[in-house]
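# Structural features, examined
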Amino acid sequence: MNLVRAELERLSARRFVQLMVVLLVLAFAVTAATTLAGSHKPNADEMSSARAQAAEARRDLEATHQECLARQSGTLPADTDRYFPSDCSEIDPIRQDRLPIPADYLPGVFNFAEQAQPLLYFLIAFLVLFGFLVGASYIGADLTSGGVVNLLLWRPRRLTVLAAKLGTLLGAVLVLALLASVVYLATFWVIGQAAGLPGRLDGDFWRSLGAVHGRGLVLVLLASALGFAIATLGRHTSAALGALAAYAVVWELGARLVLEIVDARKSDLFMLSSHIGAWLNGGARFYDEQLCRGSTDFPYCEGFYTVTWLPALLVLLAITGGLTAAAFAVFRRRDLI
Amino acid sequence: MSAVIEIEGLRKTFHSLRSGRRVAVDGFDLLVEAGQVHGFLGPNGSGKTTTLRALLGLVRADSGRMTVLGEPSPELLPRVAGQVGAIVESPQFFGNFTGYRTLRLLARAGGVPVSRVDEVLDLVGLDDRGDERVKGYSLGMKQRLAVASALLKDPRLLILDEPANGLDPAGIREMRDLMRSLAANGVTVLVSSHILGEIQLICDHVTIISRGRRVATGRVDEVLAGHDRHELLVRVAEPERAVELLHAAELTAVVDGGALVVSGVSDPTVVSRVLGEQGLWVGELTPLRPDLESVFLELTGAYEHSSVPRQVGDSSLPQGEAVIDLDRGVDA
Ligand SMILES: Nc1ncnc2c1ncn2[C@@H]1O[C@H](COP(=O)(O)OP(=O)(O)O)[C@@H](O)[C@H]1O
Ligand SMILES: [Mg+2]
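Residues numbered from 1 in each chain as written. Chains lettered and ligands numbered in written order. Predicted model: local features only at pLDDT ≥ 70, side-chain atom pairs only at ≥ 80, totals over all residues. Heavy atoms only, no water.

## Quick look at the overall build of chain B
Broken down by element type, chain B carries 13 helices and 14 strands. The buried share of chain B, reckoned over its 332 residues, is 52%. Pairs at least 24 residues apart make up 69% of the contacts formed inside chain B by residues separated by at least 6 positions. When the accessible area of chain B is evaluated, it comes to approximately 15,100 Å², of which 48% is carbon and sulfur surface. (Helix = DSSP H or I, 4+ residues; strand = E, 2+ residues; numbered from the N terminus. Buried < 20%, exposed > 50% of the residue type's maximum accessible area, 1.4 Å probe, protein only. Contact = heavy atoms within 4.5 Å. Areas by Shrake-Rupley, 256 points an atom, 1.4 Å probe, with all protein chains shown as cover.)

The following block contains the structure:
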């Protein structure tokens, strides 16, 4: 407990951590301020006009669908001017992900229900980066400056010392991420209420937002542990940064190209980014034209395959867990100079 | 007396891609008993820091047996860690913290009451500088802070690696007084150094290491006595004639500078009688006692390789503040 308290003090005193927190607050303030400045509460005229436009757009969709069906069945002559898909169900309004709503026709009006998810994604992306960098620099700087050696002279139990550091890091990052996201969403909710539209904030909305939030926090923790583990293995903060850059260039770009050239099947499965996306969104669909090659149901083969959140999470956990375990194993025996 | 530190046959090899295999410590033995202020003397690169690191569990020894306060190290070191204060090579502190905050943090991590921080700052003479940032400290002040951190635990055993580095002469003297007062209070101290005069002044016991091996150990005066060659420095008006007279009296003598060095005489009066009988009056007659420096140079083999010819008369160091860097001599 004492160790954790001391570590917490060290962590919060790190210049780099302070800088990242300032950046977070700054990015947050800028986003909120520009949103606030560019939004206003719609008056009755705007509202009714937007409602009318949305209703018309929905009618248009329906009409197009009906026309498509009519042409297919031959009730109407084929029209060369307009394009219709061969399968009219593709444009069936009932099968669309989302239909036009009045909010789409209110320029300059911030709609919380519509914007909350993308805003949250942005915050999570920042926090993932934050966690990775802070995790790496926290242990990296301590290893290079001899802070760890100092501590080990006091507490000659290496695994306890390293575990206290990792635990403190994860706890602090989690608290900060929770706090940041709650303040962040609350601020935009207030903007929606006061200078825009709250939108449809029903149970479905909160459930799906909550799910993204929870999965995002898990990702933030995984990134922090990963940065910590790689920096421990490489003895330097820069090891983690280098590994990240090398992975992005060599694997996500280079290997992806090679896999395409050699016609590997489902090459997206080899990419960490696919699993991150699949985990964060609760699943992801990828396209591979080869899936259709030699397929018997050819005209109907779409060439898509999905990754669900569970295998994606398992992949991320295995990689982070494996590297963390390796970091502890190496740290237990290594010469600390 | 009970052993506070025991090291037997310690061996440590470093492997690196660039310089290959390097044996840093090669079958080294060390015995420090309770209440000693034990000097651990050796030129730069002789393996002092590596030995202390291995003892404190920071590097893994290839082989050897070590105990600290009776517990095998590093396996059971955690049992006694609370009674061992140590610094190994100048520790780096977090520059943004004040000295006080640095120590408070360590005190917390080690479960020491925070009130102890002011006491140790006072002990090392940083009392009124404790609320300044460490990055503004001079090398000597950082060194004091390091010693303060080792003292926080109120240790029974204090291990200091080159604590006098960067200290000014007054600082070295204060450090010496501090160690003496600690020893008087029953603390066992192991101080490593390449600074000879310092060890001779502070320590009652010494172990000399050279190229990873122990070359001498014991009470400082005994180590010196073992190397007493019973030489005399003699100044007379006509050195050449004096040498002839002494040779005639079957004594070994050589001219060195403006003086004579006579060896193998246990009784100095013989020399003054032989010369006086021939009308050569002795102006100065000094027994050449070995100091730790010459013993050290002899043992570590630095003497022969020294690029600077040393004169007999220069052999004793100005007391206290002498800082001799033997690295060049040894590696040459
Ligand atoms: N991490 C290391 N890697 C390779 N060689 C090392 C390392 N640490 C020390 N050495 C070598 O071990 C020898 C002893 O070094 P050290 O114990 O630091 O000497 P001292 O403290 O007596 O000056 C030196 O030759 C040094 O170059
Ligand atoms: Mg050293």
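## As for the domain arrangement of chain A
Residue and element names in this part refer to chain A. Each assigned domain of chain A is listed with its residue range as follows: domain 1 (2-42 + 106-333) and domain 2 (43-105). Relative placement of domain 1 and domain 2: their C-alpha centres are 39 Å apart. Each partner contributes residues to the interface: domain 1 has eight residues there, and domain 2 has 11 residues. Both faces combined, the contact of domain 1 with domain 2 buries some 630 Å², and carbon together with sulfur accounts for 56% of it. Of all residues in domain 1, Pro42, Leu106 and Glu114 give up the largest surface area on contact with domain 2, accounting jointly for 76% of the area buried on that side. In this assembly, domain 1 and domain 2 are joined by zero salt bridges. One can count one residue pair in polar contact (both at pLDDT 80 or more) joining domain 1 with domain 2. Here the side of domain 1 that touches domain 2 is built from residues that sort into four nonpolar, two polar and two charged. (Domains from an automatic or database assignment. Buried area = accessible area lost by both parts, 1.4 Å probe. Salt bridge = Lys/Arg side-chain N within 4 Å of Asp/Glu carboxyl O. Polar contact = N/O pair within 3.5 Å; in protein donor to acceptor, adjacent residues only side chain to side chain. Nonpolar A, V, L, I, M, F, W, Y, C, P; charged D, E, K, R; others polar.)

## Let's talk about the site of ligand 1
Contacts to ligand 1 come from Ile337 of chain A together with Phe14, Arg22, Ala24, Pro43, Asn44, Gly45, Ser46, Gly47, Lys48, Thr49 and Thr50 of chain B. More than one chain approaches ligand 1, the contributing ones being chains A and B. Between Arg22 of chain B and ligand 1, the recorded distance is 3.5 Å, taken from a side-chain N or O atom to an oxygen atom. Within the complex, 74% of the 550 Å² of free accessible area of ligand 1 lies under protein. Looking at the shell around ligand 1, the elements that each hand over two or more residues are strand E2 (20-33) and helix H1 (48-55) of chain B. In terms of residues, the shell around ligand 1 owes the most to one element, H1 of chain B, which gives three residues. Looking at the shell around ligand 1 residue by residue, the class counts come to four nonpolar, six polar and two charged. (Near = heavy atom within 4 Å.)

## Here's the deal with the domain arrangement of chain B
The assigned domain composition of chain B is domain 1 (3-225 + 293-331) and domain 2 (230-288). One C-alpha centre belongs to domain 1 of chain B, the other to domain 2 of chain B, and the line joining them spans 42 Å.

## Concerning the interface of chain A and chain B
Chain A puts 25 residues into the contact, and the matching count from chain B is 33 residues. Broken down residue by residue, the surface that chain A buries against chain B is led by Glu9, Leu153 and Trp154 of chain A, which jointly contribute 30%. In this assembly, chain A and chain B are joined by four salt bridges. Across the salt bridge formed by Glu9 of chain A and Arg101 of chain B, the nearest N and O atoms sit 2.8 Å from each other. Connecting chain A to chain B are 10 residue pairs in polar contact (both at pLDDT 80 or more). Residues belonging to the side of chain A that touches chain B are distributed by class as follows: 11 nonpolar, three polar and 11 charged.

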